[in-house]
Number of protein chains: 2
Amino acid sequence: MENPLSRLGALMLMTLCAGVISGEAQENNLLPQPAQVSPREGRLAITDSFRISLSGYQEPRLRAAAQRLARRLARQTGIALPDRSEKAPSPAALVIHCDHAGEPVQTVREDESYRLEVRTEQARLTAPTPVGVLRGMETFLQLVDLDTRGFGVAAVDINDRPRFRWRGLLMDASRHWMPVPVIKRNLDAMAAVKLNVLHWHLSDDQGFRMESRRFPELQRLGSDGNYYTQADVREVIAYARERGIRVVPEFDMPGHTTSWFVSHPELASAPGPYVIERAWGIFDPAMNPTKAELYAFLDGFIGEMAALFPDEYFHIGGDEVNGKQWDHNPRIQAFMRRRGMKGNHDLQAYFNRRVLAIARQHGKKMIGWDEILHPELPKDIVVQSWRGQKSLAEAARQGYMGILSFGYYLDHILPASFHYKVDPMEGETAGLAEEQKSRILGGEACMWAEYVTPETVASRIWPRAAAIAERLWSPQEVKDVESMYRRLARVSRQLEGLGLTQRSSYGPMLERLTNMNDAAPLKVLADVLEPVKSLRLSQGHR
Amino acid sequence: MENPLSRLGALMLMTLCAGVISGEAQENNLLPQPAQVSPREGRLAITDSFRISLSGYQEPRLRAAAQRLARRLARQTGIALPDRSEKAPSPAALVIHCDHAGEPVQTVREDESYRLEVRTEQARLTAPTPVGVLRGMETFLQLVDLDTRGFGVAAVDINDRPRFRWRGLLMDASRHWMPVPVIKRNLDAMAAVKLNVLHWHLSDDQGFRMESRRFPELQRLGSDGNYYTQADVREVIAYARERGIRVVPEFDMPGHTTSWFVSHPELASAPGPYVIERAWGIFDPAMNPTKAELYAFLDGFIGEMAALFPDEYFHIGGDEVNGKQWDHNPRIQAFMRRRGMKGNHDLQAYFNRRVLAIARQHGKKMIGWDEILHPELPKDIVVQSWRGQKSLAEAARQGYMGILSFGYYLDHILPASFHYKVDPMEGETAGLAEEQKSRILGGEACMWAEYVTPETVASRIWPRAAAIAERLWSPQEVKDVESMYRRLARVSRQLEGLGLTQRSSYGPMLERLTNMNDAAPLKVLADVLEPVKSLRLSQGHR
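Residues numbered from 1 in each chain as written. Chains lettered and ligands numbered in written order. Predicted model: local features only at pLDDT ≥ 70, side-chain atom pairs only at ≥ 80, totals over all residues.

So, on to the overall build of chain A. A tally of helices and strands in chain A yields 19 helices and 16 strands. A compact globule built from 542 residues would reach a C-alpha radius of gyration of about 24 Å, and chain A, at 25 Å, matches this within 12%. Seen along its three principal axes, the alpha-carbon backbone of chain A occupies a region of about 80 × 55 × 50 Å. Residue burial in chain A is summarised as follows: out of 542 residues, 49% are buried. In chain A, 73% of the contacts between residues at least 6 apart in sequence involve partners at least 24 apart. (Helix = DSSP H or I, 4+ residues; strand = E, 2+ residues; numbered from the N terminus. Rg over C-alpha atoms; globule rule 2.2 N^0.38 Å. Buried ≥ 20, exposed ≤ 12 C-beta atoms within 10 Å, placed from the backbone. Contact = placed C-beta atoms within 7 Å.)

In structure tokens form, the structure reads like this:
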């Protein structure tokens, strides 16, 4: 039962609201925009007899998704929908047909396409796979509109599929701890805008956030008690799969590893003791690639993580090794000379090859940041580029797959329009041959967490990540900034209904600043301020 | 690490804000008001070296509470506080001393008193028991203030103890399902205003919300899948104990039991089949007190629940039996004649005596609504009065203990000032002898959930329940409505920092009504409207 006041309000205010919205009704509200949209005549009304039916291939994931859809629709409209067995079934207003099962573990090859036909009598959503159904459900919810007749969906034909196969959001849980509910509600938001990869940055200098059972001292000493248990991780992975989202773990190495060394100084390139890093930046500690025991340790650790995370990819980071510990360690220098290595980049490539072999042995493909690119590495790795399309093009020409994160750094506090204009296929990549282009899998928005807490992180990610989601899903020619902003405002409000807090947490935070008094005067001031933006994209990626 | 913007903002805006608050600084912000407050000269500054130390009796509950206090203080002030082992300890700014352990299971006899002395150099919180420490911590947090010098606490001596021993909040999880996180955040809010009993209304006509392992069909057929597992219940009980809150379960019987009969029609007084009730009101279905198998069933069920809920009290409801099923059942009528019963009230008293015997056998004391009062019942039961002080006085005169809920019904949507004026010791109770008065244990705010969802429930409970909390904690002469409202506004903002949503959910809900458009015009309208209030307090309590 929904709040009757909402419903009463909705009825009373339809005329009022319909006036407000009519001026905007020509264009659809979808974000991301689908591949093809053809308006039709008519309108499907959403009433209290609205019902969803499922046909074709069935699985619990689909039934749960249909139930969530009904709940969200009820919440969005204030209409109490029938979802109870004892009521006589009315003809379904939304008929969902799924052809066949999807992949047991979702990959970049998963078919995410769907077709949605809305007519006055009925809407029909068909998709080859459950993931396609999930994408179409989000489209349906975004189509729901209110006019003088009440809630409904304008008749339309939609044929949709993503432009890129890898559409990710990186969440950094190391710099600031992000509890499971924060991760989950961001997964809900990702699903709403059709992102399909959670890149979970689980370790860094400032915290080791993962429970290892083989090496429990990693989280015991490296996390201040803030880490995900293996049960947490299973729960998040299941939650993500229910929403058609892959979970790729990142354990950054050989640099960004101070938190590992608190318990395992023997893995470092300089003697300890180490403490958890409390500042932000690029720090000296790095693993010692010359030590046999390092690889034995990593074999144990990666083996444990590979069994926990089902995704085919394992992210090893590989970024921002400043090399100082290597330069000052005579044993490492001797090792490099013995092997004829020309510099630290060669040493890191050696490390990467060893780690790659370990990852492969545990059934994983490797992904890492730009710096892992080295001619000696095999071609099945994926390069995540914070350097830009030029670096991505170079990798593609050499036969490597890549994803773009340059231009998608949410922590740089740039406007949505900035991110929206960054296209993985513009600049150097535009000139690639078709086969080379096919190696560019997509991109990832990055939420580095130096300056965000669980309370503020939603306001950094949303709604801007939705503009990136459209860039990665919609056809390349969808690029009207004004239209994007209009739809973005609407989506941001929708995301609050999913539990995101980018808008609702603003007032309470202002009130804390005013010593729990009325914050209206402060809001006037705060609303005209804007944060310092980071435009030094080429000087360092965090 | 707190958001540096918050801190920067705090520093920048101190002058601005201090101006706003200075006019209100004469009076303290505490809600509930303590028993004794004596302002002193000086001010303890809250700085980034603020540290808490614990001495005397130690237990994990106290350490966890100290950690929560530090986190909340950091959040409230935007100051990153040291809570890390590697830093050199500074002298503690807040010294906490606890004399001895509290009760293994908290009861109405628990000592909740504390003493708080704040001086320029240090604050000292002392209490006989951990629960007293918890109460004092909440006081300390409410004392934190901001002026041109930054955050701090004005020097003061506080001696505090509650006026009443039973200060409850009833949450109805039957009419609308309330998931565990909703219960938990309300426990946080209860602790903040020193309420000490969660009365958990777990079954009613519209839903059986508790997992029974002996009778799993109860929740399987009676809950639409929305029920608390036994693990959930243990988690909630532990969470409540950490905050000094007792959890009293209510399984309403013999009426309000339709949801039981979906799986167990044989317990009812009329043949089934039964379905979960979807409307609101008082319904006919009631248990059949003449059946031996009913008591065998209740023995099994109450035994199972008695082992799960550690509190000494077990609430059997007992309200609003309309008697129709009894009147129309010839077997029941014959039973009543045989036993010389004069009416349905006698039959219910018979039922209550049988249930009381079962509860006792499982180590529990019984509590129920007004209607359970009957001369044949022994004197160790507690009567919860929705009828008023007259009924409470009558019970006390007869030797029964009682708590007041008349005047504390939050679902009646009356102003905080209305509830604030209702005193358990005014009216008929004022004329009782001292010994009789001591039988009046306190009161409970009631949040019946016919018209609230998890999304709106906070806006019904808070901040009004805080006014009731003050009535039950503070000395009787604390009754300045204007002062209460000023402090209430502040507490409401503080509760949002604990995750409550009574203020932050308003905007997003208005936006849903406006079809995800700007809700500013609608807010103007909504702000001048007010809900229909229920003043028919004497005609039926829900």
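The next thing to look at is the confidence of the model for chain A. Residues and elements named next belong to chain A. Scored by pLDDT, chain A has a mean of 92; 92% of the residues are at 70 or more. For the stretch residues 1–10, pLDDT sits under 50, and the model shows 23 contacts to residues farther than four places along the chain or on other chains. In the model, residues 14–25 has pLDDT below 50 throughout and makes 15 contacts with residues more than four positions away in sequence or in other chains. Our summary of model confidence lists the complex with pTM equal to 0.88 and ipTM equal to 0.81. (pLDDT = per-residue confidence, 0-100.)

A word on helix α16 (residues 464–473) of chain A. Residue and element names in this part refer to chain A. Across the 10 residues of α16, 10 count as buried, placing the element largely inside the fold. Among all positions of α16, only R464, A465, A466, A467, I468, A469, E470, R471, L472 and W473 are buried. Check the buried side of α16 and you find it contacts β8 (166–172), α13 (416–421), β16 (440–447), α15 (457–461) and α17 (481–497).

Residue P254 of chain A follows M253 of chain A across a cis peptide bond; omega there is 0°. Turning to its location among the elements, P254 of chain A is positioned in the loop between β11 (246–253) and α7 (258–263). Omega for the peptide link from G272 of chain B to P273 of chain B comes to 0°, which places this bond in the cis form. The topology assignment puts P273 of chain B in the loop between α7 (258–261) and α8 (292–308). Positive phi values are uncommon outside glycine, yet K194 of chain A reaches one of about 70°. Turning to its location among the elements, K194 of chain A is positioned in the loop between α4 (180–192) and β9 (197–204). Although it is not a glycine, E320 of chain A adopts a positive phi angle of roughly 50°. Turning to its location among the elements, E320 of chain A is positioned in the loop between β12 (313–317) and α9 (324–327). Taking the C-beta count within 10 Å as the criterion, E320 of chain A has 19 such neighbours and is therefore assigned partly exposed.

Once that is clear, we can look at the pairing of strand β12 (residues 313–317) of chain B. Residue and element names in this part refer to chain B. Most of β12 sits inside the fold, with 5 of its 5 residues counted as buried. Burial of the side chains of β12 extends over both faces: Y313, H315 and G317 are buried on one face and F314 and I316 on the other. Note that strand β11 (residues 246–253) and β12 share 2 bridges and pair parallel. Considered in β12, the bridge of M253 is made with G317. Bridge count for β12 against strand β13 (residues 365–369) is 3 bridges, and the pairing is parallel. Counted as the bridge partner of H315 is I367 from β13. (Pairing = 2+ DSSP bridges.)

All names here are of chain A. The terminal C-alpha atoms of helix α2 (residues 60–77) lie 26 Å apart, and with 18 residues this matches the ideal 26 Å at 1.5 Å per residue to within 8%. Restricting attention to buried positions, one finds in α2 the residues R61, A65, L69, L73, A74 and T77. Positive phi shows up at G78, right after α2, with a value of about 75°. (Expected span 1.5 Å × (residues − 1).)

Now for the environment of Q142 of chain A. Residue and element names in this part refer to chain A. Here Q142 shows up in helix α3 (residues 130–143). For the pair Q142 and V193, spaced 51 residues apart in sequence, the C-alpha separation works out to 9.8 Å. Sequence-distant contacts of Q142, that is, excluding residues within four places in its chain, are made with N29, L30 and L31.

Once that is clear, we can look at the environment of H201 of chain A. All names here are of chain A. Within the secondary structure layout, H201 lies in strand β9. Sequence separation of H201 and L170 is 31 residues, and the distance between their C-alpha atoms is 6.8 Å. Excluding anything up to four places from it in sequence, H201 contacts L170, M171, D172, A173, S174 and E250.

Counting residues in hydrophobic clusters, the biggest one holds 142 residues, and the most contacted among them are L125, V133, L198 and M447 of chain B. A domain split of this core shows at least three residues from each of domain 1 (4–160) and domain 2 (166–528) of chain B. Discounting chain neighbours no more than four positions away, the residues touching L125 of chain B are L94, I96, Y114, L116, V133, G136, M137 and F140 of chain B. Counting 140 residues, the second-largest nonpolar core is a separate cluster that includes M178, M190, A191 and L488 of chain A. (Core = buried A, V, L, I, M, F, W, Y, C linked by C-beta atoms within 7 Å. Domains from an automatic or database assignment.)

All names here are of chain A. Their axes nearest at 9 Å, the elements helix α8 (residues 292–308) and helix α11 (residues 344–361) cross at an angle of 35°. Read as a crossing pair, α8 and α11 show a hand that is right-handed. Judged by residue contacts, Y295, L298, D299 and I302 of α8 engage R354, V355, I358 and A359 from α11. Across the contact of α8 with α11, the residue classes tally to 6 nonpolar, no polar and 2 charged. (Axes fitted to C-alpha atoms, helices over the stretch in contact; angles between N-to-C directions. Left-handed = near helix turned anticlockwise from the far one by under 90°. Nonpolar A, V, L, I, M, F, W, Y, C, P; charged D, E, K, R; others polar.)

Residue and element names in this part refer to chain B. Helix α6 (residues 230–242) packs onto helix α4 (residues 180–192) with a crossing angle of 10° between their chain directions and a minimal axis gap of 10 Å. In terms of their interaxial angle, α4 and α6 are classed as roughly parallel. In this structure, α4 uses V180, I183, K184 and L187 to contact α6, whose residues at the interface are D232, E235, V236, Y239 and A240. Here the contact of α4 with α6 is composed, by residue class, of 6 nonpolar, no polar and 3 charged. (Parallel < 35°, antiparallel > 145°, perpendicular 65-115°, else oblique.)

Moving on to the environment of R43 of chain B. Relative to the helices and strands, R43 of chain B resides in strand β1 (residues 36–45). A sequence separation of 319 residues divides R43 of chain B from H362 of chain B, and the C-alpha atoms of the two residues are 53 Å apart.

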